[in-house]
Amino acid sequence: VDGDPAAGKIVFNKCMACHNVDNEKSKVGPSLMGLIGRQPGSVAGYTYSKPMVEFGVGKTWDEALLKTYLPNPRAMVNGTKMAFPGLKTDKEIIDVIAYLNQYSPR
Ligand code: HEM
């Protein structure tokens, strides 16, 4: 992961209305604590959309998959209930991935 986690913390302000990352409590969206390395659509007790659960089968959230998802979530997971248009720049994306990575097991 080559982004800047401190810059990514600022980018995460765009996500915070719907996601926690420093604890396991889901909000409108699932907690993103431990995201990197887990299967999409797999937080216990959180009700995902059917498309997200089906998308996740056999996949793992890693840097490459997040780089595809974050610019346009609905394009990658057609029918996702994540109501967020996506991050605009490659820098925002690599930085927020570096920030999320700090809250994932290694
Ligand atoms: C799902 C990241 C912003 C609502 C997800 C997932 C990721 C993610 C990686 C999949 C989680 C999993 O598989 O467990 C982000 C990032 C954001 C952001 C990095 C900011 C750049 C938002 C915002 C909202 C939101 C602002 C609310 C308006 C949701 C919802 C889901 C979700 C509802 C579940 C989707 C489904 O089941 O189809 N998000 N998100 N997210 N997010 Fe976000």
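Up top you'll find the structure we're talking about.
Undergrad: I'd love a proper account of the packing of aromatic side chains, names of residues and values included.
TA: How two aromatic rings sit relative to each other is given by the distance of their centres and the angle of their planes. Going through the model one piece at a time under the given rule, you end up with 4 aromatic pairs. When the centroid spacing of 4.7 Å and the interplanar angle of 80° are considered together, the rings of Y46 and Y48 count as edge-to-face. Y46 gets classed as buried once you look at its relative accessible area, which sits at 14%. Relative accessible area serves as the criterion here: at 15%, Y48 is assigned to the buried category.

Undergrad: So what about the side chain of N20? Which residues, and what values?
TA: Tracing the backbone shows N20 in the loop between helix 1 (5-11) and helix 2 (50-56). Classification of N20 by relative accessible area gives buried; the value is 15%. From its side chain, N20 meets the backbone oxygen of K25 in a polar contact 2.8 Å long. Setting aside anything within four residues of it in sequence, one finds N20 in contact with F12, K25, K27, S31, L32 and M33.

Undergrad: Describe the coordination of the iron atom of the ligand, with residues and values.
TA: Each protein donor to the iron atom of the ligand is listed here as H19 (NE2) and M82 (SD); together their distances run 2.0 to 2.1 Å. One can describe the donor arrangement at the iron atom of the ligand as octahedral, given that its 6 donor atoms subtend angles of 84 to 178° at the metal. Of this pair, H19 sits in the loop between helix 1 and helix 2 while M82 sits in the loop between helix 4 (73-76) and helix 5 (90-101), and the two are 63 residues apart along the sequence. We classify H19 as buried; its relative accessible area is 11%.

Undergrad: Summarise the pattern of salt bridges; cite the residues concerned and give the values.
TA: Proximity of charged atoms lets side chains of opposite charge pair with each other. A full pass over the atoms with the stated rule returns 4 salt bridges. For K67, the salt bridge goes to E63, with nearest N and O atoms at 3.5 Å. With K67 and E63 both in helix 3 (residues 63-69) and 4 residues apart, the pair spans about one turn of that helix. Owing to a relative accessible area of 38%, K67 belongs among the partly exposed residues under this scheme. For K91, the salt bridge goes to D95, with nearest N and O atoms at 2.7 Å. Linking K91 with D95, this pair stays in helix 5, spanning 4 residues, or about one helical turn.

Each value, and the rule that gives it
Residues numbered from 1 in each chain as written. Predicted model: local features only at pLDDT ≥ 70, side-chain atom pairs only at ≥ 80, totals over all residues. Heavy atoms only, no water. Phe/Tyr/Trp six-rings, centres within 6.5 Å; stacked < 30°, edge-to-face > 60°. Buried < 20%, exposed > 50% of the residue type's maximum accessible area, 1.4 Å probe, protein only. Helix = DSSP H or I, 4+ residues; strand = E, 2+ residues; numbered from the N terminus. Polar contact = N/O pair within 3.5 Å; in protein donor to acceptor, adjacent residues only side chain to side chain. Contact = heavy atoms within 4.5 Å. Donors = N, O, S within 2.8 Å, 3.2 Å for Na, K, Ca; no water. Tetrahedral: all angles 85-135°; square planar, octahedral: opposite > 155°, others 65-115°. Salt bridge = Lys/Arg side-chain N within 4 Å of Asp/Glu carboxyl O.

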